[in-house]
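# Fold and geometry: a report
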Amino acid sequence: MRHISPDNQSTRLLKSYLAAYRTLHDAGPTAELAHRVAIHVADLVALAAGTNSDATGTASGRELHAARLDAIKHWTLARLTSPSLNIAAAAAAAGLSTRSVQLLFKADGATFTGFVLRERLTLAHRRLSMPRLQKGTITEIAYDCGFGDLSYFTNSFRKTYGETPSEVRHGAFAASGAPSRPVDRMVIPPSTDSRRLR
């Protein structure tokens with residue numbers, strides 16, 4: 001049986017990852033995240049028992065970065081609809097610097113802001129496509145998905161889906177046979193400064 005030092009690089013990284021996961025899992029782990037965590041832990045344990053220190057250091061660092069990014073994404077998705085969601089809060093929850101979180105997303109070919117925007121637009125599109133939510137206005141749906149700037153929401157939505165929010169909603173009504181709302185205007189409240197996208 002191979003003895004694994006409690007103080008080698010891979011063991012320290014494994015401890016660090018588990019600590020980060022415990023910090024970020026409070027929203028409740030999804031089946032997908034739990035599966036990824038199991039894979040990352042197994043990889044790090046295997047690396048801790050390895051004999052090639054150079055390869056172990058490189059691979060274990062890569063696994064830790066991937067695991068941290070998954071945990072941060074999970075934490076972010078659990079707070080997706082909060083207007084106050086921002087990279088600083090995510091970094092603080094992960095015990096990392098804002099720059100470190102930026103680099104994690106950059107290595108994945110993305111940005112924190114881009115990830116949040118994509119997921120909020122996906123959520124908004126899903127809700128606009130559900131006729132049972134027809135009592136809510138587009139403005140309300142946008143705000144409920146975490147957007148605070150309606151022009152930004154509309155422009156981003158059109159750029160992503162090639163349709164306006166109203167067109168998606170009316171198309172969903174038509175497909176379901178449900179009566180469409182006669183008018184579905186975006187009513188901007190007197191002040192939206194406190195609800196702008198972070």
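### Topic: the confidence of the model for the chain
- For the chain, per-residue confidence averages 76 on the pLDDT scale, and residues scoring 70 or more make up 58% of the total.
- Scored below 50 in pLDDT, residues 51-59 makes six contacts in the model with residues more than four places away or belonging to other chains.

### A word on helix H4 (residues 87-94)
- Every buried residue belonging to H4 is among Ile87, Ala90, Ala91, Ala93 and Ala94, and all of these are buried. Taken down its axis, H4 places every buried residue within 160° of arc, on the same side.
- At the N-terminal boundary of H4, the capping side chain belongs to asparagine 86, with an oxygen 3.2 Å from the backbone nitrogen of alanine 88.
- Looking at the residues trailing H4, positive phi occurs at glycine 95, about 70°.

### Side note on the packing of helix H6 (residues 112-128) against helix H8 (residues 150-161)
- Running from N to C, H6 and H8 point in directions that differ by 85°, and their axes come no closer than 11 Å. Considering the angle they form, H6 stands roughly perpendicular to H8. Of the residues in H8, those touching H6 at Leu117, Leu121, Thr122, Ala124, His125 and Leu128 are Tyr152, Phe153, Ser156, Phe157, Thr160 and Tyr161.
- A breakdown of the residues in the contact of H6 with H8 according to their chemical character gives eight nonpolar, four polar and no charged.

### Describing H6
- An ideal rise of 1.5 Å per residue puts 24 Å on 17 residues; H6 measures up with 24 Å between its terminal C-alpha atoms.
- Buried within H6 we find Phe112, Phe115, Val116, Leu117, Arg120, Leu121, Leu123, Ala124 and Leu128.

### Describing the pattern of salt bridges
- Considering all chains together, one arrives at two salt bridges under this definition.
- Note that aspartate 108 is salt-bridged to lysine 73, the shortest N-O span being 3.1 Å. Here lysine 73 lies in helix H3 (residues 53-78) and aspartate 108 lies in the loop between helix H5 (98-107) and H6, a separation of 35 residues in the sequence.
- Accessibility expressed as a relative area gives 18% for lysine 73, which makes it buried.
- The partner of arginine 118 in a salt bridge is glutamate 119, and the shortest N-O contact between them spans 3.0 Å.
- Overall, the relative accessible area of 48% leaves arginine 118 in the partly exposed class.

### A short note on the environment of threonine 154
- Relative to the helices and strands, threonine 154 is located in helix H8.
- Exposure remark for threonine 154: the relative accessible area of 15% places this residue in the buried category.

### Looking at the packing of aromatic side chains
- Applying the stated criterion across every chain yields a total of five aromatic pairs.
- A ring pair is formed by phenylalanine 153 and phenylalanine 157, whose centres lie 5.7 Å apart and whose planes are at 55°; its orientation type is tilted. Highlighted residues: phenylalanine 153 and phenylalanine 157, both in helix H8, separated by four residues, approximately one helical turn. The pair formed by phenylalanine 153 and phenylalanine 157 is uniform in burial state, with each residue classed as buried.

Cut-off values and rules
- Residues numbered from 1 in each chain as written.
- Predicted model: local features only at pLDDT ≥ 70, side-chain atom pairs only at ≥ 80, totals over all residues.
- Heavy atoms only, no water.
- pLDDT = per-residue confidence, 0-100.
- Contact = heavy atoms within 4.5 Å.
- Buried < 20%, exposed > 50% of the residue type's maximum accessible area, 1.4 Å probe, protein only.
- Helix = DSSP H or I, 4+ residues; strand = E, 2+ residues; numbered from the N terminus.
- Arc of directions from axis to C-beta.
- Polar contact = N/O pair within 3.5 Å; in protein donor to acceptor, adjacent residues only side chain to side chain.
- Axes fitted to C-alpha atoms, helices over the stretch in contact; angles between N-to-C directions.
- Parallel < 35°, antiparallel > 145°, perpendicular 65-115°, else oblique.
- Nonpolar A, V, L, I, M, F, W, Y, C, P; charged D, E, K, R; others polar.
- Expected span 1.5 Å × (residues − 1).
- Salt bridge = Lys/Arg side-chain N within 4 Å of Asp/Glu carboxyl O.
- Phe/Tyr/Trp six-rings, centres within 6.5 Å; stacked < 30°, edge-to-face > 60°.

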